[in-house]
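# Analysis of the macromolecular model
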Amino acid sequence: EYASRAEELDPQNGLAAALLTLVHAFVLRDLTRAEAFNERALALRPAHVLTQDATALLHLYRGNASSARAAANSAEELGKLLPYRYALATTKAMIETVSGNYKLGLQEAERALALQPLAATRPYPPILRYMGICQAELAHLEEAQRTFESLEKQEGQLRLTSLNPEDYPVPSPDAMQL
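Moving on, we come to helix H9 (residues 141-155). With 15 residues, H9 extends 20 Å from end C-alpha to end C-alpha; this agrees with the ideal 21 Å at 1.5 Å per step. Along H9, the residues that are buried comprise Ala144, Thr147, Leu151 and Gln154. Axial view of H9: buried residues confined to an arc of 80°, hence all on one face. For H9, exposure combined with an orientation more than 90 degrees from the buried face picks out Leu141, Glu142, Arg146 and Lys153. Gly156, located one to two residues past H9, shows a positive phi value of around 75°.

So, on to a nonpolar patch on the surface. A cluster of nonpolar side chains, contributed by Phe26, Val27 and Leu28, occupies part of the molecular surface with about 250 Å² of accessible area. By the secondary structure assignment, Val27 is in helix H2 (residues 14-27).

Turning to the pattern of salt bridges, a few remarks are in order. Opposite charge on two side chains permits pairing when their charged atoms draw close. On inspection of all chains with the given rule, the structure shows eight salt bridges. Here Glu76 makes a salt bridge to Arg111, at a shortest N to O gap of 2.8 Å. Taken as a pair, Glu76 in helix H5 (residues 65-78) and Arg111 in helix H7 (residues 102-115) lie far apart in primary sequence, 35 residues in all. Between Arg111 and Glu108 there is a salt bridge; the shortest N-O distance is 2.6 Å. Taken together, the residues span about one helical turn, with Arg111 and Glu108 both in helix H7 at a distance of three residues. Each of Glu76, Lys92, Glu108 and Arg111 takes part in one network of salt bridges that share partners.

Rules of the game
- In this numbering scheme, every chain counts its residues from 1 along its sequence in written order.
- Two thresholds apply to this predicted model, a pLDDT of at least 70 for residue-level local features and 80 or more for giving and counting side-chain atom pairs, whereas whole-chain, interface and lining totals are computed over all residues.
- Hydrogens and waters are ignored; side-chain quantities use all the structure's heavy atoms.
- Only DSSP runs of H or I with at least four residues qualify as helices, and only runs of E with at least two residues qualify as strands; both kinds are numbered from the N terminus onward.
- Any helix carries an expected span of 1.5 Å times its number of residues minus one.
- Exposure classes here rest on a 1.4 Å probe applied to the protein chains alone. A residue is buried below 20% of its type maximum, exposed above 50%, and partly exposed in between.
- Working definition: the arc comes from the directions between the helix axis and the C-beta atoms, pointing outward to the latter.
- Patch construction takes residues with relative accessible area above 30% that form no salt bridge. Like charges are linked within 9 Å, and nonpolar side chains (Val, Leu, Ile, Met, Phe, Trp, Tyr) are linked within 5 Å.
- For accessible areas, the Shrake-Rupley method is used with a probe of radius 1.4 Å. Any residue's cover is judged against the shown protein chains and nothing else.
- Note on definitions: salt bridges are taken to be side-chain nitrogens of Lys or Arg within 4 Å of carboxyl oxygens of Asp or Glu.

Below, the structure written as structure tokens:
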């Protein structure tokens, strides 16, 4: 409902199109509609940080890691001075983790964590999710345990075995396997 309203209010707003790309891809899991919004965002505001981040995530959800990396690199360059640049680095951690590049995924997650503002009261949960997966895959089991304990403090009893892909947005089928 809100996504439709945003589109109605200003269909030529590139930032709104980028945000609607994310909503349709991640929350509503309608990748066809997300691609249409992404095309609009790229036509209207190709050099906007959120357009590039949405493009990276959409490519990740579609399983195209090389295109996802290119857009994530662009987003990070465009947003290098923004206070939420840790979220852009998290996108890179997600790409590498889902691609099976656990060492690089862990490096990106650690970098994302270091980029969080000093005033942040807790780590950004997506960083912890992908960091923990990489740690576990690299057999850094004690570190993974601590990471998942920290995540559990924020999200409660969230477990992969309790996630229903119909109820909880997961980036791609590959991510569900992790």
